[in-house]
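# Coordinate inspection notes
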Amino acid sequence: MSKPAIKRDQQTELLHALNAVAALLQLSAHSENEIFCVSCEQVVAMGLRGGISLLDESSKRLVVRAVAELRQSPPTTSASGRSSPCGRLC
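Residues numbered from 1 in each chain as written. Predicted model: local features only at pLDDT ≥ 70, side-chain atom pairs only at ≥ 80, totals over all residues. Heavy atoms only, no water.

## Some points on the pairing of strand E1 (residues 50–55)
Definition in use: For two strands to be treated as a pair, DSSP must find at least two bridges joining them. Helix and strand definitions here come from DSSP, where helices need a minimum of 4 consecutive H or I residues and strands a minimum of 2 consecutive E residues; each element is numbered from the N-terminal end.
Alignment of E1 against strand E2 (residues 62–68), held across six bridges, turns out to be antiparallel. Along E2, the bridge assignment pairs Gly 50 with Ala 68.

Below, the structure is given as structure tokens:
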């Protein structure tokens, strides 16, 4: 039984990206939605995929809030005009 191998340099790159997300959030996040968007953008910028899910109020169900995926099509644009590489509009 083998675990998926994540190379040390990939782990380091992921930690740097998470640090970058934290720094950007401190400077620019004005809403929960912006937090999800910045997180997605950083994950996609690293060439990775991922998602953010939160427990609902009952703590029994996960609610998908954002999906970061590599897209072949042009990025989506929200009503606020923000372009997003995320699987959801930001």
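Resuming the write-up.
## Section: helix H2 (residues 32–45)
Basically, it comes down to this: Expected span, for any helix, means 1.5 Å times one less than how many residues it has. In this scheme, a residue with accessible area under 20% of its type's maximum is buried, one over 50% is exposed, and one in between is partly exposed, where area comes from a 1.4 Å probe on protein chains only. In this analysis, two residues are considered to be in contact whenever any of their non-hydrogen atoms come within 4.5 Å of each other.
With 14 residues, H2 ought to run about 20 Å at 1.5 Å a step, and its terminal C-alpha atoms sit 20 Å apart, in line with that. Here H2 has its buried residues at Phe 36, Cys 37, Val 38, Ser 39, Cys 40, Gln 42 and Val 44. On its buried side, H2 packs onto helix H1 (8–28), E1 and E2. The positive-phi residue at the C-terminal boundary of H2 is Gly 47, with phi of around 80 degrees.

## Quick notes on the environment of Ser 39
Short version of the rule: For the purposes of these results, a polar contact is taken to be a pair of N or O atoms within 3.5 Å, where, inside protein, one atom must be able to donate a hydrogen and its partner to accept one; residues adjacent in sequence count only when each atom of the pair is a side-chain atom.
When you line up the elements, Ser 39 lands in helix H2. When its relative accessible area of 15% is taken as the criterion, Ser 39 is described as buried. For the pair formed by Ser 39 and Ala 66, sequence separation is 27 residues and the distance between their alpha carbons is 8.9 Å. Those residues in contact with Ser 39 that sit more than four places away from it in its chain are Val 21 and Ile 52. Engagement of the side chain of Ser 39 in a polar contact is seen with the backbone oxygen of Ile 35, the distance being 2.9 Å.

## Brief notes about the confidence of the model for the protein chain
Under the convention used in this document: Confidence of the predictor at the level of single residues is captured by pLDDT, which takes values from 0 to 100.
Averaged over all residues, the pLDDT of the protein chain is 75; the fraction at 70 or higher stands at 70%. By mean pLDDT, the top-scoring element of the protein chain is E2 (89), and the lowest-scoring one is strand E3 (residues 76–77) (54).

## Observations regarding a nonpolar patch on the surface
Note the following rule: Without a salt bridge and with relative accessible area above 30%, a residue can belong to a patch; like charges are then joined within 9 Å and nonpolar side chains (Val, Leu, Ile, Met, Phe, Trp, Tyr) within 5 Å. Areas reported as accessible are Shrake-Rupley estimates using a 1.4 Å probe. Residue values count occlusion only from the protein chains shown. What makes a salt bridge here is a side-chain nitrogen of Lys or Arg within 4 Å of a carboxyl oxygen of Asp or Glu, nothing more.
Residues Leu 14, Leu 15, Leu 18 and Leu 48 make up a contiguous nonpolar surface patch of about 350 Å² in total accessible area. In this fold, Leu 48 is placed in the loop between H2 and E1.

## Comments concerning the nonpolar core
Test applied: Only buried residues count toward a nonpolar core. Its members are Ala, Val, Leu, Ile, Met, Phe, Trp, Tyr and Cys residues joined through side-chain atoms within 4.5 Å.
By size, the foremost hydrophobic cluster in this structure holds five residues: Phe 36, Cys 40, Val 44, Ala 66 and Ala 68. Of all the secondary structure elements, the ones that give two or more residues to this core are H2 and E2. The biggest single contributor to this core is H2, with three residues. Not counting residues within four places of it along the chain, the set of residues in contact with Phe 36 comprises Ile 52, Leu 54, Arg 65 and Ala 66.

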